[in-house]
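Each chain, letter by letter, is given below.
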Amino acid sequence: GENVEQHPSTLSVQEGDSAVIKCTYSDSASNYFPWYKQELGKGPQLIIDIRSNVGEKKDQRIAVTLNKTAKHFSLHITETQPEDSAVYFCAASSSGGYQKVTFGIGTKLQVIP
Amino acid sequence: ETGVTQTPRHLVMGMTNKKSLKCEQHLGHNAMYWYKQSAKKPLELMFVYSLEERVENNSVPSRFSPECPNSSHLFLHLHTLQPEDSALYLCASSPTGTGGTGNTIYFGEGSWLTVV
(Lines give C-alpha, C1' and ligand atoms only; values in the text may rest on other atoms or scores of the structure.)
Protein backbone atom coordinates (compact mmCIF):
# COMPACT_ATOMS: atom_id res chain seq x y z
CA GLY A 1 0.00 0.00 0.00
CA GLU A 2 0.86 3.67 -0.10
CA ASN A 3 3.29 5.14 2.42
CA VAL A 4 3.60 8.89 2.94
CA GLU A 5 6.49 10.37 4.89
CA GLN A 6 6.40 13.98 6.03
CA HIS A 7 9.03 16.21 7.56
CA PRO A 8 9.80 18.11 9.62
CA SER A 9 7.47 17.11 12.43
CA THR A 10 7.79 20.57 13.99
CA LEU A 11 8.78 23.87 12.44
CA SER A 12 9.22 27.31 14.01
CA VAL A 13 9.63 30.39 11.86
CA GLN A 14 9.65 34.11 12.47
CA GLU A 15 6.65 36.03 11.22
CA GLY A 16 7.28 37.10 7.64
CA ASP A 17 9.68 34.26 6.86
CA SER A 18 8.87 31.32 4.60
CA ALA A 19 8.00 27.78 5.70
CA VAL A 20 8.54 24.62 3.67
CA ILE A 21 7.10 21.19 4.45
CA LYS A 22 8.18 18.18 2.43
CA CYS A 23 6.53 14.83 1.73
CA THR A 24 7.43 11.70 -0.17
CA TYR A 25 5.14 8.93 -1.33
CA SER A 26 5.77 5.37 -2.46
CA ASP A 27 2.94 4.36 -4.80
CA SER A 28 3.47 5.56 -8.36
CA ALA A 29 -0.28 5.12 -8.96
CA SER A 30 -1.04 8.03 -6.61
CA ASN A 31 -2.18 11.01 -8.63
CA TYR A 32 -3.85 13.42 -6.23
CA PHE A 33 -2.04 15.23 -3.41
CA PRO A 34 -4.07 17.41 -1.03
CA TRP A 35 -2.73 19.46 1.87
CA TYR A 36 -4.78 20.02 5.00
CA LYS A 37 -4.48 22.53 7.82
CA GLN A 38 -5.76 21.58 11.25
CA GLU A 39 -6.18 24.29 13.86
CA LEU A 40 -6.49 23.45 17.53
CA GLY A 41 -9.83 21.86 18.35
CA LYS A 42 -10.94 21.64 14.72
CA GLY A 43 -10.99 19.10 11.91
CA PRO A 44 -8.52 19.20 9.01
CA GLN A 45 -9.43 21.67 6.29
CA LEU A 46 -8.20 21.48 2.70
CA ILE A 47 -5.95 24.42 1.86
CA ILE A 48 -4.54 23.44 -1.52
CA ASP A 49 -4.20 20.37 -3.71
CA ILE A 50 -2.29 19.30 -6.78
CA ARG A 51 -2.97 16.67 -9.37
CA SER A 52 -0.40 14.58 -11.14
CA ASN A 53 -0.70 16.38 -14.45
CA VAL A 54 0.56 19.62 -12.87
CA GLY A 55 4.01 20.40 -11.47
CA GLU A 56 3.18 23.48 -9.42
CA LYS A 57 0.16 25.32 -8.11
CA LYS A 58 -0.10 28.60 -6.25
CA ASP A 59 -2.83 30.26 -4.23
CA GLN A 60 -1.81 33.63 -2.77
CA ARG A 61 0.85 32.89 -0.13
CA ILE A 62 0.62 29.13 -0.48
CA ALA A 63 2.21 27.04 -3.21
CA VAL A 64 2.64 23.32 -3.76
CA THR A 65 5.16 21.59 -6.02
CA LEU A 66 5.14 18.01 -7.27
CA ASN A 67 8.01 15.95 -8.64
CA LYS A 68 6.46 12.72 -9.91
CA THR A 69 9.77 11.19 -10.92
CA ALA A 70 11.21 11.54 -7.44
CA LYS A 71 7.82 11.03 -5.75
CA HIS A 72 8.23 14.25 -3.78
CA PHE A 73 5.79 17.05 -3.12
CA SER A 74 6.16 20.14 -0.97
CA LEU A 75 4.13 22.93 0.60
CA HIS A 76 5.55 26.45 0.61
CA ILE A 77 4.08 29.24 2.72
CA THR A 78 5.52 32.70 2.15
CA GLU A 79 5.24 35.79 4.36
CA THR A 80 4.04 33.68 7.28
CA GLN A 81 1.59 35.14 9.77
CA PRO A 82 0.68 34.04 13.31
CA GLU A 83 -2.64 32.67 12.02
CA ASP A 84 -0.68 30.21 9.90
CA SER A 85 0.25 28.40 13.12
CA ALA A 86 -1.40 24.96 12.94
CA VAL A 87 -0.70 21.34 12.07
CA TYR A 88 -0.32 20.68 8.35
CA PHE A 89 -0.91 17.26 6.77
CA CYS A 90 0.11 16.10 3.35
CA ALA A 91 -1.71 13.21 1.70
CA ALA A 92 -1.64 11.04 -1.39
CA SER A 93 -4.44 9.16 -3.09
CA SER A 94 -5.36 7.51 -6.35
CA SER A 95 -8.45 8.12 -8.38
CA GLY A 96 -11.64 6.17 -8.81
CA GLY A 97 -14.68 5.60 -6.61
CA TYR A 98 -14.18 6.56 -3.02
CA GLN A 99 -10.89 8.05 -1.93
CA LYS A 100 -8.35 5.85 -0.21
CA VAL A 101 -6.15 8.61 1.10
CA THR A 102 -2.89 8.06 2.97
CA PHE A 103 -1.86 10.91 5.26
CA GLY A 104 1.51 12.03 6.49
CA ILE A 105 2.09 12.29 10.22
CA GLY A 106 1.71 16.05 10.24
CA THR A 107 3.93 19.10 10.78
CA LYS A 108 3.27 21.46 13.66
CA LEU A 109 4.07 24.94 12.39
CA GLN A 110 4.60 27.75 14.86
CA VAL A 111 4.91 31.29 13.56
CA ILE A 112 6.59 33.52 16.11
CA PRO A 113 5.38 37.14 16.10
CA GLU B 1 -18.81 25.52 8.41
CA THR B 2 -17.41 22.60 6.45
CA GLY B 3 -20.66 20.98 5.33
CA VAL B 4 -19.93 17.97 7.54
CA THR B 5 -21.47 18.15 11.01
CA GLN B 6 -20.51 15.86 13.87
CA THR B 7 -22.24 15.41 17.21
CA PRO B 8 -21.45 15.31 20.01
CA ARG B 9 -18.25 17.36 19.90
CA HIS B 10 -17.12 15.93 23.23
CA LEU B 11 -18.01 12.62 24.86
CA VAL B 12 -16.85 10.99 28.07
CA MET B 13 -17.90 7.41 28.56
CA GLY B 14 -17.19 4.53 30.87
CA MET B 15 -15.85 1.24 29.58
CA THR B 16 -19.23 -0.45 29.98
CA ASN B 17 -21.29 2.28 28.31
CA LYS B 18 -22.90 2.26 24.88
CA LYS B 19 -22.85 5.51 22.97
CA SER B 20 -23.00 6.68 19.37
CA LEU B 21 -21.30 9.35 17.31
CA LYS B 22 -23.33 10.99 14.58
CA CYS B 23 -22.27 12.59 11.33
CA GLU B 24 -24.31 14.42 8.73
CA GLN B 25 -23.07 15.86 5.45
CA HIS B 26 -24.81 18.54 3.40
CA LEU B 27 -22.54 18.37 0.36
CA GLY B 28 -24.38 15.83 -1.76
CA HIS B 29 -21.50 13.38 -1.54
CA ASN B 30 -21.83 9.62 -1.93
CA ALA B 31 -18.89 8.45 0.16
CA MET B 32 -18.50 8.84 3.92
CA TYR B 33 -15.59 7.95 6.17
CA TRP B 34 -14.63 7.50 9.80
CA TYR B 35 -11.06 8.33 10.77
CA LYS B 36 -9.33 8.06 14.15
CA GLN B 37 -6.79 10.71 15.12
CA SER B 38 -4.43 9.98 18.01
CA ALA B 39 -1.46 12.00 19.19
CA LYS B 40 1.75 11.47 17.23
CA LYS B 41 0.11 9.10 14.74
CA PRO B 42 -1.09 9.58 11.16
CA LEU B 43 -4.80 9.74 10.58
CA GLU B 44 -6.14 6.18 10.64
CA LEU B 45 -8.90 5.23 8.24
CA MET B 46 -11.47 3.11 10.04
CA PHE B 47 -14.45 2.65 7.74
CA VAL B 48 -15.62 3.79 4.32
CA TYR B 49 -19.13 3.75 2.94
CA SER B 50 -19.67 4.33 -0.76
CA LEU B 51 -23.22 4.62 -2.02
CA GLU B 52 -24.35 3.39 1.42
CA GLU B 53 -22.36 0.18 1.15
CA ARG B 54 -19.40 -0.49 3.44
CA VAL B 55 -16.38 -0.84 1.19
CA GLU B 56 -13.53 -0.59 3.68
CA ASN B 57 -13.04 -1.92 7.20
CA ASN B 58 -9.45 -1.51 8.25
CA SER B 59 -9.14 -4.19 10.93
CA VAL B 60 -11.17 -2.17 13.39
CA PRO B 61 -12.20 -3.96 16.61
CA SER B 62 -15.83 -5.02 16.77
CA ARG B 63 -16.44 -2.66 19.70
CA PHE B 64 -16.72 -0.02 16.95
CA SER B 65 -19.76 -0.56 14.75
CA PRO B 66 -20.58 1.79 11.85
CA GLU B 67 -23.98 2.41 10.36
CA CYS B 68 -24.87 4.33 7.20
CA PRO B 69 -28.67 4.58 6.82
CA ASN B 70 -28.42 6.89 3.80
CA SER B 71 -25.79 8.83 1.89
CA SER B 72 -26.08 11.87 4.18
CA HIS B 73 -25.79 10.20 7.57
CA LEU B 74 -23.15 8.08 9.24
CA PHE B 75 -23.01 6.72 12.76
CA LEU B 76 -20.31 5.10 14.84
CA HIS B 77 -21.73 2.95 17.62
CA LEU B 78 -19.40 2.47 20.58
CA HIS B 79 -19.59 -0.40 23.06
CA THR B 80 -17.24 -1.60 25.80
CA LEU B 81 -14.41 0.66 24.73
CA GLN B 82 -10.96 0.73 26.26
CA PRO B 83 -9.05 3.77 27.54
CA GLU B 84 -6.69 3.50 24.54
CA ASP B 85 -9.68 4.23 22.31
CA SER B 86 -9.66 7.80 23.60
CA ALA B 87 -9.00 9.97 20.54
CA LEU B 88 -10.51 12.45 18.11
CA TYR B 89 -12.91 10.70 15.73
CA LEU B 90 -13.30 12.46 12.43
CA CYS B 91 -16.09 11.98 9.95
CA ALA B 92 -15.51 12.93 6.32
CA SER B 93 -17.24 12.79 2.97
CA SER B 94 -16.29 12.98 -0.68
CA PRO B 95 -17.79 12.63 -4.10
CA THR B 96 -17.46 9.29 -5.84
CA GLY B 97 -16.59 8.67 -9.43
CA THR B 98 -14.38 6.68 -11.69
CA GLY B 99 -11.49 8.02 -13.65
CA GLY B 100 -10.24 11.54 -13.17
CA THR B 101 -7.50 12.41 -10.73
CA GLY B 102 -8.95 12.28 -7.27
CA ASN B 103 -11.77 13.77 -5.28
CA THR B 104 -11.34 15.95 -2.23
CA ILE B 105 -12.25 14.62 1.20
CA TYR B 106 -14.04 17.11 3.47
CA PHE B 107 -13.76 16.62 7.22
CA GLY B 108 -16.06 17.48 10.06
CA GLU B 109 -14.82 19.15 13.25
CA GLY B 110 -14.47 15.83 15.03
CA SER B 111 -15.80 14.22 18.19
CA TRP B 112 -13.39 14.13 21.13
CA LEU B 113 -13.87 10.82 22.92
CA THR B 114 -12.52 10.08 26.37
CA VAL B 115 -12.94 6.58 27.78
CA VAL B 116 -12.61 6.35 31.55
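For the overall build of chain B, give the residues involved together with the corresponding values.
Scanning chain B from N- to C-terminus turns up zero helices and eleven strands. Walking chain B from its N terminus toward its C terminus, one meets helices and strands in the order β-β-β-β-β-β-β-β-β-β-β. Its C-alpha atoms give chain B principal-axis dimensions of about 45 × 30 × 30 Å. When contacts within chain B are restricted to residue pairs at least 6 apart in sequence, long-range pairs at least 24 apart make up 54% of them. Working note: accessible area of chain B is about 5300 Å², and carbon and sulfur atoms make up 50% of it. In chain B, 9 side chains carry a positive charge and 10 a negative one; their mean positions are 9 Å apart.

Hey, could you go over the pattern of salt bridges for me, with residue numbers and the actual values?
Residues and elements named next belong to chain A. Enumeration according to the criterion identifies five salt bridges over all chains in this entry. For the salt bridge of Lys37 with Glu39, the shortest nitrogen-to-oxygen distance reads 3.4 Å. Classification of Lys37 as buried rests on a relative accessible area of 16%. By relative accessible area, Glu39 is classed as partly exposed at 31%. The salt bridge involving Lys42 is made with Glu39; its shortest N-O contact spans 3.8 Å. Here Lys42 falls in the partly exposed class, since its relative accessible area comes to 38%. Within the structure, one salt-bridge network assembled from shared partners comprises Lys37, Glu39 and Lys42.

Analysis parameters
- Residues numbered from 1 in each chain as written.
- Chains lettered and ligands numbered in written order.
- Predicted model: local features only at pLDDT ≥ 70, side-chain atom pairs only at ≥ 80, totals over all residues.
- Heavy atoms only, no water.
- Helix = DSSP H or I, 4+ residues; strand = E, 2+ residues; numbered from the N terminus.
- Contact = heavy atoms within 4.5 Å.
- Areas by Shrake-Rupley, 256 points an atom, 1.4 Å probe, with all protein chains shown as cover.
- Lys, Arg positive; Asp, Glu negative; His and termini not counted.
- Charge placed at Lys NZ, Arg CZ, Asp CG, Glu CD.
- Salt bridge = Lys/Arg side-chain N within 4 Å of Asp/Glu carboxyl O.
- Buried < 20%, exposed > 50% of the residue type's maximum accessible area, 1.4 Å probe, protein only.

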